[in-house]
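These are the residues of each chain, in order.
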2 protein chains.
Amino acid sequence: MEYDIIYSRNDQAGRKFAGRIEGKRPLFALVLGNTETAKIPGVSAAGRYPEFTDFTPAADAELLYYGKCKSIEGVPVTPEGIPTPALITMAAMEMTGAPMLIVNGGLNVNPKAPFVELGGESGGDIRKGDAVKNAENVYENARIFGRNLAKTASYLVVGESTPGGTTTALAALLAMGISGKGMVSSSMAENPRTLKEEICDQALKSSHLEFGGCKDNPLKAFSKVGDPMMPAFTGLVQGAASQVPVLLAGGTQMAPIVAALCKLDAKVLSNIAVGTTRWIVEDKNSNLNGILSRVTDVPVLAAKVSFASSVHEGLRVYEQGLVKEGAGAGGMAVSAILNSKGKINSRNLLNKVEEIYSRILGK
Amino acid sequence: MEYDIIYSRNDQAGRKFAGRIEGKRPLFALVLGNTETAKIPGVSAAGRYPEFTDFTPAADAELLYYGKCKSIEGVPVTPEGIPTPALITMAAMEMTGAPMLIVNGGLNVNPKAPFVELGGESGGDIRKGDAVKNAENVYENARIFGRNLAKTASYLVVGESTPGGTTTALAALLAMGISGKGMVSSSMAENPRTLKEEICDQALKSSHLEFGGCKDNPLKAFSKVGDPMMPAFTGLVQGAASQVPVLLAGGTQMAPIVAALCKLDAKVLSNIAVGTTRWIVEDKNSNLNGILSRVTDVPVLAAKVSFASSVHEGLRVYEQGLVKEGAGAGGMAVSAILNSKGKINSRNLLNKVEEIYSRILGK
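Sequence order sets the numbering: in each chain, residues are counted from 1 along the sequence as written. Chains carry letters and ligands carry numbers; both start at the beginning, A for chains and 1 for ligands, and go up in the order they are written. Where local features are concerned, this predicted model is filtered to residues with pLDDT of at least 70; where side-chain atom pairs are given and counted, the filter is 80 or more; whole-chain, interface and lining totals use all residues. By convention in this description, side-chain values take in all heavy atoms of the structure and omit both hydrogens and water.

Participant: Can you explain the pairing of strand β7 (residues 272-277) of chain A? Please cite residues and give values.
Facilitator: Along any regular strand the residues' side chains alternate between the sheet's two faces. Residues and elements named next belong to chain A. In this scheme, a residue with accessible area under 20% of its type's maximum is buried, one over 50% is exposed, and one in between is partly exposed, where area comes from a 1.4 Å probe on protein chains only. What counts as a helix is a DSSP run of H or I of at least four residues, what counts as a strand is a run of E of at least two, and both are numbered from the N terminus. Counted residue by residue, β7 has 6 buried out of 6 residues, so it is predominantly covered. Both faces of β7 are covered, namely the face carrying Ile 272, Val 274 and Thr 276 and the face carrying Ala 273, Gly 275 and Thr 277. Pairing of strand β6 (residues 246-249) with β7, which is carried by 4 bridges, proceeds in the parallel orientation. Paired with Leu 247 across the two strands is Ala 273, which belongs to β7. For the crossover from β6 across helix α9 (residues 254-264) to β7, the handedness is right-handed. Two strands pair under a simple rule: DSSP has to find at least two bridges between them. The sheet contact formed by β7 and strand β8 (residues 300-303) spans 4 bridges and is parallel. Across the sheet, residue Thr 277 finds its bridge partner in β8, namely Ala 303. Consider the strands pointing away from the viewer: the crossover is right-handed when the path from the first strand over the helix to the second runs clockwise.

Participant: Hey, could you go over the nonpolar core for me, with residue numbers and the actual values?
Facilitator: Nonpolar side chains tend toward joint burial in soluble globular proteins. Side-chain atoms within 4.5 Å link the members of a nonpolar core, which is a set of buried Ala, Val, Leu, Ile, Met, Phe, Trp, Tyr and Cys residues. Residues Leu 248 and Ile 272 of chain A together with Leu 248 of chain B are the most contacted members of the largest nonpolar core, which totals 263 residues. It only takes one pair of heavy atoms within 4.5 Å for two residues to be counted as in contact. Among all residues touching Ile 272 of chain A, those that are not within four sequence positions of it are Phe 17, Val 237, Ala 241, Val 246, Leu 248, Val 258, Leu 261, Val 298 and Pro 299 of chain A.

Participant: Describe the pattern of salt bridges, with residues and values.
Facilitator: Side chains carrying opposite charge are able to pair once their charged atoms draw close together. Residue and element names in this part refer to chain A. The working definition used for a salt bridge is a side-chain nitrogen of Lys or Arg within 4 Å of a carboxyl oxygen of Asp or Glu. Summed over all chains, the structure comprises 36 salt bridges over all chains. One salt bridge connects Arg 359 with Glu 94, and the closest N-O pair in it is separated by 2.6 Å. Of the two residues, Arg 359 is situated in helix α14 (residues 346-361) and Glu 94 in helix α3 (residues 86-96); the sequence distance between them amounts to 265 residues. Residue Arg 359 is classed as partly exposed on the basis of its relative accessible area of 43%. For Lys 352, the salt bridge is made with Glu 355, and the minimal N-O distance between the two is 3.4 Å. Within this pair, Lys 352 and its partner Glu 355 are both found in helix α14, separated by 3 residues, close to a single helical turn. On the basis of relative accessible area, Lys 352 is assigned to the buried category, the value being 18%. Counted as one network, the salt bridges with shared partners bring together Glu 36, Lys 39, Glu 51 and Asp 54.

Participant: For the interface of chain A and chain B, give the residues involved together with the corresponding values.
Facilitator: Facing the 22 residues of chain A at the interface are 22 residues of chain B. Where chain A abuts chain B, roughly 1,900 Å² becomes buried across the two surfaces, and 61% of that area is made up of carbon and sulfur atoms. Sorting the residues of chain A by area buried against chain B places Pro 114, Lys 151 and Thr 152 of chain A first, and these three jointly supply 24% of that buried surface. What qualifies as a polar contact is a pair of N or O atoms within 3.5 Å, subject to a donor-acceptor requirement within protein and to the restriction that residues adjacent in sequence count only when both atoms come from side chains. Inspection of the region where chain A meets chain B yields 10 residue pairs in polar contact (both at pLDDT 80 or more). Of all the elements, helix α4 (residues 135-149) of chain A adds the most residues to the side of chain A that touches chain B, at 4 residues. The pairing of strand β4 (residues 115-117) of chain A with strand β4 (residues 115-117) of chain B spans 3 bridges and is antiparallel. Its bridge partner being in β4 of chain B, Glu 117 of chain A is matched across the sheet by Phe 115 of chain B. When two components associate, each loses some accessible surface as probed by a 1.4 Å sphere; the sum of these losses over both components is called the buried area.

This is the structure in structure tokens:
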């Protein structure tokens, strides 16, 4: 199983995981969350204007459901006009016919599409403390839902769309005693590290937490300084991975999820892997494997996507380290490659992405 | 395939349908709805007090998810204290391991459990007209969701929990030009026929509709004089049945759904059947087959459930024609019997229902 996959971490377990899901069709679940943290100027690229980040998860969900957005015109773009990585997820879904569920972790703007409600609320600015209400309850709902969902599929791919999510990921990691400083990713070309770290330091301070203050209580870390995607995502993965393999589709935002699972239900770790993009594992401004090495030996599989030869400038710039990951793009690309036993590869995946992008642009 | 199933209508197509789903495990979807119509004194038995009907769908959903209710104490009961038919659904689910999804058609009280949101709102008193808001949109969302859901299962069983639903069913039938007077079921021992018919006459009048006024527009019939379960249920079935078989789990409330499908997408009719209980097809105070004969030749499969020998009085009285059906009970019983190729039968299904009921009563 070489295919277009990089076994980026824990190669042996990664290949074993790939063998278990090869040729099979997953159920894709996309967990959405909003946090006011995304609106702090300079934090997120997921939306042209800070307030616009409220619409990004809903727009991603609509794009995946309908092939076009309903809550906004066009598709979600970064301030530089780079289109959402949900295009990759769409391509993978079209090529494999995988079913999908949208899961509401907590939103300011609900998608104009069917979604699963878990009773969550949108998240606050972590600098003010108590960022996520109801985390315990959402986590429990998600866990039961995930367990049930596992009966409908041979395995799950779970992705997320949460603008500002790498900043809240860093804060949650710090609260759990995992130093992720200098290592979390960014959707922007220039990773605003110092800003993120200042926000996180202030977040911990407001919540009267020291580094590692929630070492044994990840749900408290999520409640205090995380975002509403986290408890929903963690519960969903935990419930499903008690039954079937689950590919966590994302970049450094997956680190606090994996860390939480270690504390909440370490048994499920043998059933999970992280699926991401080449852009994440080759990124010089972040270090997914480095963070995970402080957590556990979970394998990382990265899809060897390349947009270098794209006809669209908006896609070519992915090669300069913009956007990189989101909306389950990397994990669904890995899943499509394995589902097709390598027939889907970097080249025809790009072709499909370009076809979809052209269709949306109306060209 | 004799098993404990009555091929109550269109025997040949019914057996063919059964053959297609035999040995397979379904996905069960339960569509919930509230309508103010249920609070008209004398209309519904689904709740000890009229206002209590708001809680019945949520409580049914919680019972199926957690094995106990969260929104109320105990289990939903009729004014006479007869427990919800969701006990049968639970038994069938436990015996087959079928996965489940709760779908919100439009509620006053949301379940304290994960559910699928389609953007619906709870329904008004049909005597005042314009009973269901947003029906077109909910129907569209449900249709897309159902199509997607069909990818996760070999077939679907779709049930409903909608107090007051037989009255709104009658009104919707009348609006579509199908005379169901004297033929819709009731959860009470004495079917309050005259009351229901007066309500429906007034409903049509308030909506400026004559009998058959929405002959070619079922969504308008639902909007004007139906309940919020209807557009959600119809869309879900239509979307799913375009791909896989769908068993419509319910009694006379299924008639307006089947009638709507005839108009909206007659192609899917070859992929559907109605699954109900013996109590419905043997009921002398209603006539499911009679109504359906005015619609189309859809087959009806009834589970030969019998509670005559139960140790619980609350269950024995089902034999006197109380409750009879609801929360997908009959359809899920049919599904369990076929899934097990007859190993699950009337007798061991009752044993499981009694075991669950005793567990809930804490005995």
